[in-house]
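Descriptive analysis of the structure
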Amino acid sequence: MIRSYGNTLVYTLPNMEEDNAAAALDSIVTEFHSYEDFLDSQITSLDLYYLEDEELARHLVELGYRGSGEVLKREEFETRKAAAEASRLNKRSQRQTLASAGKELKDNFLKALAEREEANRSARMTSIIFIRDRNAQGQEISGYIDYSHRLKFEDFEPYFSGKKRLLPRSTDLSFYNWETQVSTSNASANYQVIAENSTGLLFKNKQDRKILNVDPKASPGDNSSRTPLQSDLYTQVVIYDHITRRKT
């Protein structure tokens, strides 16, 4: 493919090689603070010796007559520079919007949730939280919560700030009230519930189809781990982490 940059014709390769060329241009705008810095990087001492004019040397580089690197016009440099800066600010904004950001967490369970929040929001990890404790009526309840799913539909700031307690609900992956013996199970955006198992519940990840086994006497499964936690806020807490990998 032939592209025109002012008076200069530049041949570029399609598909993957074109993508690599675009990545190289993005690298340039990240490396150099200004367009003038980029032009100066292409000028040699020999160029200045013969031309005796820095601005002329820069102009020749911009037109593609001098320099040994990429031909990049000012407009494209500034456009890519602005896009890179916008991307950087967006990523910083996303980090700042974590519900756990800026919170002074003392309980082990809340610390563990904070450590996993970004990964669960970005779908790099899907954690299942087992909680056993008492509800507002003093009844013992337990259940499994899809952390990633809850993060998408619920504000977790009150949990991290201590204003609310995270407890399983009848709409979570599983729920059991030990006093009323009410039991429920529900699929989530990330997991299917397999209840017809003699050893207990199994959860199948919908993305990579891997089975997560919550039986404490068994292995949790491929790409999964089990982390029991001591918490001052709950009777029992266990977090199961699954590193998501797409099925190929």
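Details of the structure are given in the entry above.
Parameters at a glance
- Residues numbered from 1 in each chain as written.
- Predicted model: local features only at pLDDT ≥ 70, side-chain atom pairs only at ≥ 80, totals over all residues.
- Heavy atoms only, no water.
- Helix = DSSP H or I, 4+ residues; strand = E, 2+ residues; numbered from the N terminus.
- Contact = heavy atoms within 4.5 Å.
- Areas by Shrake-Rupley, 256 points an atom, 1.4 Å probe, with all protein chains shown as cover.
- Buried < 20%, exposed > 50% of the residue type's maximum accessible area, 1.4 Å probe, protein only.
- Core = buried A, V, L, I, M, F, W, Y, C linked by side-chain atoms within 4.5 Å.
- Phe/Tyr/Trp six-rings, centres within 6.5 Å; stacked < 30°, edge-to-face > 60°.
- Pairing = 2+ DSSP bridges.
- Axes fitted to C-alpha atoms, helices over the stretch in contact; angles between N-to-C directions.
- Expected span 1.5 Å × (residues − 1).
- Bend = angle between axes of the 7 residues up to and from the residue.
- Polar contact = N/O pair within 3.5 Å; in protein donor to acceptor, adjacent residues only side chain to side chain.

This paragraph deals with the overall build of the chain. For the chain, the count of helices and strands is eight helices and 11 strands. Long-range contacts, defined as pairs at least 24 residues apart, comprise 49% of the intrachain contacts of the chain with a sequence gap of at least 6. Surface accessibility of the chain: about 15000 Å² in total, with carbon and sulfur atoms responsible for 49%.

In this structure, R150 sits in helix α7 (residues 147-153). The exposure class assigned to R150 is buried, which follows from its relative accessible area of 6%.

Turning our attention to the nonpolar core. Within the largest apolar cluster, 22 residues are counted, with the highest numbers of intra-cluster contacts made by F109, L113, I129, I131, F156 and L166. Mapped by element, the contributors of at least two residues to this core are α6 (108-121), β3 (125-134), β4 (140-146), α7, α8 (157-160) and β11 (236-243). With four residues, α6 is the largest single contributor of residues to this core. Residues within four places of F109 in sequence aside, it is in contact with I129, I131, L166, L229, S231, Y234, V237 and I239.

What follows concerns the packing of aromatic side chains. The final tally for this structure, using the stated rule, is nine aromatic pairs. When the ring of F109 is compared with that of Y234, the centres are 5.2 Å apart and the planes differ by 80 degrees; the resulting orientation is edge-to-face. Of the two residues, F109 sits in helix α6 while Y234 sits in the loop between β10 (224-229) and β11, which places them 125 residues apart along the sequence. Both residues of the pair, F109 and Y234, belong to the buried class. Ring geometry for Y191 and F203: centres 6.5 Å apart, planes at 75 degrees, overall edge-to-face.

Now for the sheet that holds strand β6 (residues 183-185). Overall, antiparallel pairing links the six strands, which are arranged β6-β5-β4-β3-β11-β10 in an open sheet. Only two strands of the sheet have a single neighbouring strand rather than two, namely β6 and β10. Recorded for the sheet is a direction-independent mean angle of 10 degrees between the axes of neighbouring strands. Of the pairings in the sheet, the one linking β3 to β4 comprises seven bridges and is antiparallel in character.

What follows covers α6. Between the first and last C-alpha of α6 there are 20 Å, a value that for 14 residues agrees with the 20 Å anticipated at 1.5 Å per step. Maximum bend of α6: about 35 degrees, positioned at E115. Residues of α6 that are buried in the fold lie against β3, α7, α8, β10 and β11. Between the side-chain oxygen at the start of α6 and the backbone nitrogen of F109 there is a gap of 3.0 Å, and the oxygen is on D107. Of the residues one or two after α6, A123 is the one with positive phi, at around 70 degrees.

On to unusual backbone geometry. Glycine aside, residues mostly have negative phi angles, and peptide bonds mostly take the trans form. Phi is positive for Q181, close to 60 degrees, though the residue is something other than glycine. Among the structural elements, Q181 can be located in the loop between β5 (174-177) and β6. The exposure class assigned to Q181 is exposed, which follows from its relative accessible area of 57%.

This paragraph deals with the sheet that holds strand β9 (residues 211-213). Across the sheet, three strands lie side by side as β7-β8-β9; this open sheet has antiparallel pairing. Only two strands of the sheet have a single partner each, and these edge strands are β7 (191-194) and β9. Adjacent strand axes in the sheet meet at a mean angle of 30 degrees, parallel and antiparallel pairs treated alike. Two elements, β7 and strand β8 (residues 202-205), share four bridges in a ladder whose sense is antiparallel. The residue of β8 that forms the bridge with Q192 is K204.

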